[in-house]
Amino acid sequence: MIRYSKINKKPLFLIERLGKKKIKKRLDLTPEDSFLQVCYLNLQKDISVQPHLHLKNLKKNTKSSEAWILMSGSIEATFFDIDKSKLYKTILRKGDISVLFNGGHSFKSLTNNTKIFEIKNGPYLGSHKEKDNF
């Protein structure tokens, strides 16, 4: 599920609940033009990826994006449009992923030992240069 801004129609976030889905090989979660690329791979025995290096390419981003992967526990996630208005609230559980493109977000842990992978583009310049708390 991708949700879009009511202001400028750009993607704000996506949530994918992969736990019960039957995915044969690959599911691309983000559009090709997104500055954070996320896909889900379901690999069978003896599947391999040919050894490779990634080529240098100049890619300029003007902001940070991030993804959360819930490994255990649950969180209440709230998502905000680019004007900071509350847009959507949900519970994310083990196996869920959320990818944030635009707008704002917050979350609150609902269980002890909630474990999350948080992945974002870098380098990280520090909270005072990268966040507008509201």
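Fair warning: this is a prediction, and the values are worked out from it, not measured in the lab. (Residues numbered from 1 in each chain as written. Predicted model: local features only at pLDDT ≥ 70, side-chain atom pairs only at ≥ 80, totals over all residues. Heavy atoms only, no water.)

Enquirer: How would you explain the packing of aromatic side chains if you had to name every residue and give the values?
Expert: All told, the structure shown has five aromatic pairs when counted by the stated rule. On the basis of an interplanar angle of 15 degrees and a centroid distance of 3.9 Å, the ring pair of Phe 13 and Phe 79 is categorised as stacked. Of this pair, Phe 13 sits in strand 2 (residues 11–17) while Phe 79 sits in strand 6 (residues 74–80); the two residues are 66 residues apart in sequence, bridging distant segments of the chain. Exposure remark for Phe 13: the relative accessible area of 1% places this residue in the buried category. Each member of the aromatic cluster is reached from another via a ring pair, and the members are Phe 13, Trp 68, Phe 79, Tyr 88 and Phe 107. (Phe/Tyr/Trp six-rings, centres within 6.5 Å; stacked < 30°, edge-to-face > 60°. Helix = DSSP H or I, 4+ residues; strand = E, 2+ residues; numbered from the N terminus. Buried < 20%, exposed > 50% of the residue type's maximum accessible area, 1.4 Å probe, protein only.)

Enquirer: Before we move on, can you summarise the environment of Leu 110 with the specific residues and values?
Expert: If you trace the backbone, Leu 110 turns up in the loop between strand 9 (104–109) and strand 10 (115–120). Leu 110 gets classed as partly exposed once you look at its relative accessible area, which sits at 39%. Setting aside its immediate chain neighbours within four residues, Leu 110 contacts Ser 74, Ile 75, Glu 76 and Ile 91. (Contact = heavy atoms within 4.5 Å.)

Enquirer: Give me the lowdown on unusual backbone geometry, citing residues and values where you can.
Expert: Of note in the backbone geometry, Lys 84 takes a positive phi value of approximately 75 degrees without being a glycine. With a relative accessible area of 38%, Lys 84 lands in the partly exposed category.

Enquirer: Kindly report on the pattern of salt bridges, identifying the contributing residues and their values.
Expert: Applying the stated criterion to the full structure yields six salt bridges. The partner of Asp 132 in a salt bridge is Lys 84, and the shortest N-O contact between them spans 2.8 Å. One end of the pair, Asp 132, is in the segment after helix 1 (127–130); the other, Lys 84, is in the loop between strand 6 and strand 7 (86–93), and 48 residues separate them in sequence. The residue Lys 120 makes a salt bridge to Glu 118 at a minimum N-O spacing of 3.5 Å. With relative accessibility at 43%, the residue Glu 118 sits in the partly exposed group. Salt bridges sharing common partners tie together Glu 66, Glu 118 and Lys 120. (Salt bridge = Lys/Arg side-chain N within 4 Å of Asp/Glu carboxyl O.)

Enquirer: Describe the sheet that holds strand 7, and please don't skip the residues or the numbers.
Expert: Strand pairing in a sheet is mediated by backbone hydrogen bonds. Such pairs are either parallel or antiparallel. The strand order across the open sheet built from three strands is 7-6-9, with neighbouring strands paired in antiparallel fashion. At either end of the open sheet lies a strand with only one pairing partner, and these are strand 7 and strand 9. With direction set aside, neighbouring strand axes in the sheet form an average angle of 20 degrees. Looking at chain direction, strand 6 and strand 7 are connected through seven bridges and run antiparallel. In the strand pairing of strand 7, Phe 79 is matched with Tyr 88. (Pairing = 2+ DSSP bridges. Axes fitted to C-alpha atoms, helices over the stretch in contact; angles between N-to-C directions.)

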